[in-house]
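Coordinates in review
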Amino acid sequence: MGNSKSAILGAIELYNKPSFEYRDEVVVILLLNGWELLLKAIVSKSGSSIYRKKEPGRPYQTISLMEAFQSAVKTDLWPSSVENNGIGKNLDLLRKYRNSAIHFYNADGFTTIVYQLAQTAITSYHDLLRGAFGQDFSERMNWQLLPIGMRVPVDPIEYLRGSRSPGDRRSAAVTEFLMSIREAFLDLEQRGIDTSRLLTVFDVSLNSVKRIANADIVVGVVDNGGSNPFMVTKKLDPNYTHPFRMREVLAKLAESGKALSRYDFQALVYKYNLREDLKYCWTETTSNVTKWSHDAVAALLAFTGSDIQLAHREYSQFLKQRRRDKAT
């Protein structure tokens, strides 16, 4: 685990060196090394071997990155709050990049895709380390990194969409890799799984405090001697972010191979306070219609059998107490 954290820190430090050559390739190598060591720490801590069966005349070999991932997600150490399907696809895409890095040179703007995959992998790493071992990785570094440079970064959405700048050379290898990202997104979305563990667009910029209309969330500092920042938020349309009724959530779960009953759903919602979290639930005030988000589907998919049993017990006790209260 110590070497794992050192590898991740090394990746972050190297990425933020302004003149470091071969940046993406070296950072991805270190990132995957850190992930592989963390996964093997989880497997080993759970009592399983990280070694393959010894072959005569050959040295001992440990399991691969993806083998370690498949073993780690089955252990009790893997936290239910950390959705694993998106992480698996994220790591697999980074692995494909590492194994084929020689084919991606001179691809204008492609580095922004590597950044999005790498930043998502680091965020997931932090969540897994904290959930599995109770360690806060953010304490090891100063997150106040200020992006200053001479070139405006490429818009990742436009790049993925296919918009090109003059002279953009997009090789067959790059196109194939982008198609792999698209297929991974479609697979997760069709299964109702949160895609934020696969790739998330992080937009970091410095703007005048007078220009706040085009961001979902803006934090700014007013130049008036005050010490407190201010925040301006723009809410998204809940009809878009929370499109599902309960029956539609249950249908999506069934499509993904996890059949839950209405009672299972209600018990989990009660036990884990999903109804009180706007990330998962929205109630239209005039009609009192409750709608659920894609994140709610992903959260319900992540709950284990033991989570459901615990929710049943507590929800049953709640219902009994409510009936007693009504009777009195």
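The model shown is predicted, which means the values in this text are computed figures rather than measured ones.

1. Considering the overall build of the chain
The helix and strand inventory of the chain stands at twelve helices and four strands. Buried positions account for 38% of the 328 residues belonging to the chain. Long-range contacts, defined here as pairs at least 24 residues apart, represent 66% of the contacts in the chain between residues at least 6 apart. For the chain, the accessible area works out to roughly 20100 Å², and carbon and sulfur atoms hold 51% of it.

2. Quick notes on a positive patch on the surface
A surface patch of like charges, here positive, comprises Lys-320, Arg-322, Arg-323, Arg-324 and Lys-326. As for its placement among the helices and strands, Lys-326 is situated in helix H12 (residues 305-327). With relative accessibility at 67%, the residue Lys-326 sits in the exposed group.

3. Some points on the pattern of salt bridges
Any two side chains of opposite charge can pair, on the condition that their charged atoms come close. Taken as a whole, this structure holds ten salt bridges when the rule is applied. With its nearest N and O atoms 2.7 Å apart, the salt bridge here joins Lys-40 to Glu-36. One end of the pair is Lys-40 and the other is Glu-36, both in helix H2 (residues 23-45) and four residues apart, which spans about a single turn. For Lys-40, a relative accessible area of 10% corresponds to the buried category. Residue Glu-55 pairs with Arg-58 through a salt bridge whose shortest N-O separation is 3.4 Å. We classify Glu-55 as partly exposed; its relative accessible area is 41%. Within the structure, one salt-bridge network assembled from shared partners comprises Lys-89, Asp-187 and Arg-191.

4. Looking at the nonpolar core
Core analysis: the largest hydrophobic core is formed by 70 residues, its most contacted members being Trp-35, Leu-39 and Trp-292. Considering each element in turn, this core owes the most residues, ten residues, to helix H5 (residues 111-133). If we ignore the near neighbours within four places in the chain, the residues touching Leu-39 are Leu-65, Ala-68, Phe-69, Ala-72, Trp-78, Leu-91 and Leu-128.

5. Thoughts on the packing of helix H1 (residues 2-15) against H2
Contact geometry of H1 with H2 gives a least axis separation of 7 Å together with a crossing angle of 160°. One finds that H1 runs roughly antiparallel with respect to H2. Our pair here, H1 against H2, has a crossing hand that is left-handed. Residues Asn-3, Ser-4, Ala-7, Ile-8, Gly-10, Ala-11, Leu-14 and Tyr-15 of H1 form the contact with H2, whose own contacting residues are Arg-23, Asp-24, Val-26, Val-27, Leu-30, Leu-31, Asn-33, Gly-34, Trp-35, Leu-37 and Leu-38. A per-class count over the contact of H1 with H2 returns twelve nonpolar, five polar and two charged.

6. Quick look at the environment of Leu-268
Among the secondary structure elements, Leu-268 is positioned in helix H10 (residues 262-271). When the C-alpha atoms of Leu-268 and Gln-309 are compared, they prove to be 9.3 Å apart, with 41 residues separating the residues in sequence. Excluding anything up to four places from it in sequence, Leu-268 contacts Leu-260, Asn-273, Leu-274, Leu-300, Phe-303, Asp-307, Ile-308 and Ala-311.

7. Here we look at the side chain of Ser-293
Assignment of secondary structure puts Ser-293 in the loop between strand E4 (289-292) and helix H11 (294-302). At 2.7 Å, the side chain of Ser-293 forms a polar contact with the backbone oxygen of Lys-279.

8. Points about the pairing of strand E3 (residues 281-284)
As defined by bridge partners, E3 adjoins E4 across four bridges and the pair is classed as antiparallel. For Thr-283, the partnering residue across the bridge sits in E4 and is Thr-290. Between E3 and the antiparallel strand that follows it, E4, lie four residues; Asn-288 among them carries a positive phi value of about 60°.

9. As for the packing of aromatic side chains
Per the stated rule, a full pass over the model turns up eleven aromatic pairs. Ring geometry for Trp-35 against Tyr-125: centres 5.9 Å apart, planes inclined by 80°, an arrangement best described as edge-to-face. Placement of the pair is Trp-35 in helix H2 and Tyr-125 in helix H5, with a sequence separation of 90 residues. The exposure class of Trp-35 is buried, given its relative accessible area of 0%. What makes Tyr-125 buried here is its relative accessible area of 0%.

10. Section: the packing of H10 against H12
Where H10 meets H12, the axes come as close as 8 Å, and the angle between the chain directions of the two elements is 85°. The orientation of H10 relative to H12 falls into the category roughly perpendicular. Contact residues: H10 offers Tyr-263, Asp-264, Gln-266, Ala-267, Leu-268, Tyr-270 and Lys-271, while H12 offers Asp-307, Ile-308, Leu-310, Ala-311, His-312, Glu-314, Tyr-315, Ser-316, Phe-318 and Leu-319. Across the contact of H10 with H12, the residue classes break down as ten nonpolar, three polar and four charged.

11. Some thoughts on the confidence of the model for the chain
On average, residues of the chain score 81 in pLDDT, and 77% of them are at 70 or above. Confidence scores differ between elements of the chain, with strand E2 (residues 230-233) showing the lowest mean pLDDT of 48 and helix H3 (residues 65-72) the highest of 95. Here residues 207-215 is modelled with pLDDT under 50, and outside its nearest four sequence neighbours on either side it reaches seven contacts, counting other chains as well.

Calculation criteria
Residues numbered from 1 in each chain as written. Predicted model: local features only at pLDDT ≥ 70, side-chain atom pairs only at ≥ 80, totals over all residues. Heavy atoms only, no water. Helix = DSSP H or I, 4+ residues; strand = E, 2+ residues; numbered from the N terminus. Buried < 20%, exposed > 50% of the residue type's maximum accessible area, 1.4 Å probe, protein only. Contact = heavy atoms within 4.5 Å. Areas by Shrake-Rupley, 256 points an atom, 1.4 Å probe, with all protein chains shown as cover. Patch = residues over 30% accessible without salt bridge, like charges linked within 9 Å, V, L, I, M, F, W, Y side chains within 5 Å. Salt bridge = Lys/Arg side-chain N within 4 Å of Asp/Glu carboxyl O. Lys, Arg positive; Asp, Glu negative; His and termini not counted. Charge placed at Lys NZ, Arg CZ, Asp CG, Glu CD. Core = buried A, V, L, I, M, F, W, Y, C linked by side-chain atoms within 4.5 Å. Axes fitted to C-alpha atoms, helices over the stretch in contact; angles between N-to-C directions. Parallel < 35°, antiparallel > 145°, perpendicular 65-115°, else oblique. Left-handed = near helix turned anticlockwise from the far one by under 90°. Nonpolar A, V, L, I, M, F, W, Y, C, P; charged D, E, K, R; others polar. Polar contact = N/O pair within 3.5 Å; in protein donor to acceptor, adjacent residues only side chain to side chain. Pairing = 2+ DSSP bridges. Phe/Tyr/Trp six-rings, centres within 6.5 Å; stacked < 30°, edge-to-face > 60°. pLDDT = per-residue confidence, 0-100.

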